[in-house]
Amino acid sequence: VINKFGQKINEAKIDNSTKWKRKHLTTVLQSYARTLYLKNYVEEIEKIYQTDWEYLSDFNIHAITKLSELLNLRLPKFIKSSSLDHIEDKKVDKLVKLLSGLGVDEYITGIGTKNYVYSEVSKFKDAGIKLYWFDFPHPVYPQTKGDFIPYMSVIDIMFNVGDDSINYIREGLKSAVKLDNRYLE
């Protein structure tokens with residue numbers, strides 16, 4: 001990645017002058033060579049790396065879309081905030097304005113955002129947006145090596161349990177999303 005201090009996420013460029021794709025793909029294939037279901041996905045995983053992406057965000061969107069297809073999930077819709085009207089605000093104020101502008105009335109955010117979102121829940125409430133916390137209780141599934149290691153890439157579960165991946169993921173999702181309790185007050 002070619003980065004400059006303070007650059008926006010959508011400005012992060014990929015350094016295609018290096019052999020990063022081959023190195024990354026080789027590492028993935030070697031790491032999962034003994035898994036039961038690598039063979040089911042290897043062709044599609046290799047295709048992800050066939051394009052010379054200019055921006056890291058475009059590569060990520062492509063990879064997420066392809067992995068969603070392989071899991072038979074409804075395809076995600078991506079909206080880059082950089083493609084929307086420019087909003088000068090920072091953090092929560094900017095987020096609430098972006099969500100409101102898109103007509104969003106419910107927002108699911110990761111538990112890692114609690115440090116700055118939690119104290120400003122009233123801004124979501126005032127905008128008519130219900131705030132949900134996503135805290136994924138990781139399901140345990142068979143892995144090839146040693147003790148179970150949670151929170152690996154989605155390819156870990158795919159390569160280890162194949163088509164059954166989605167069932168494990170859905171099991172974890174059953175209690176992952178919770179409405180912020182301050183909406184109940």
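Residues numbered from 1 in each chain as written. Predicted model: local features only at pLDDT ≥ 70, side-chain atom pairs only at ≥ 80, totals over all residues. Heavy atoms only, no water.

Quick notes on the sheet that holds strand β3 (residues 177-179)
Right, on to step 1. Within the open sheet, the three strands sit side by side as β1-β2-β3. Their pairing is mixed. Each edge of the open sheet is held by one strand with a lone partner, namely β1 (106-110) and β3. If you compare each strand with its neighbour and ignore which way they point, the axes differ by 30 degrees on average.
Right, on to step 2. Pairing analysis gives three bridges linking strand β2 (residues 130-134) to β3, with the strands arranged antiparallel. Residue Phe-134 lies in a different strand from β3, and its bridge partner there is Val-177. (Pairing = 2+ DSSP bridges. Helix = DSSP H or I, 4+ residues; strand = E, 2+ residues; numbered from the N terminus. Axes fitted to C-alpha atoms, helices over the stretch in contact; angles between N-to-C directions.)

Some points on the environment of Val-177
Right, on to step 1. Structurally, Val-177 can be placed in strand β3.
Right, on to step 2. As for Val-177 and Trp-133, which are separated by 44 residues in sequence, their C-alpha atoms are 5.6 Å apart.
Right, on to step 3. The contact partners of Val-177, leaving out residues within four places of it in the chain, are Ile-108, Tyr-132, Trp-133 and Phe-134. (Contact = heavy atoms within 4.5 Å.)

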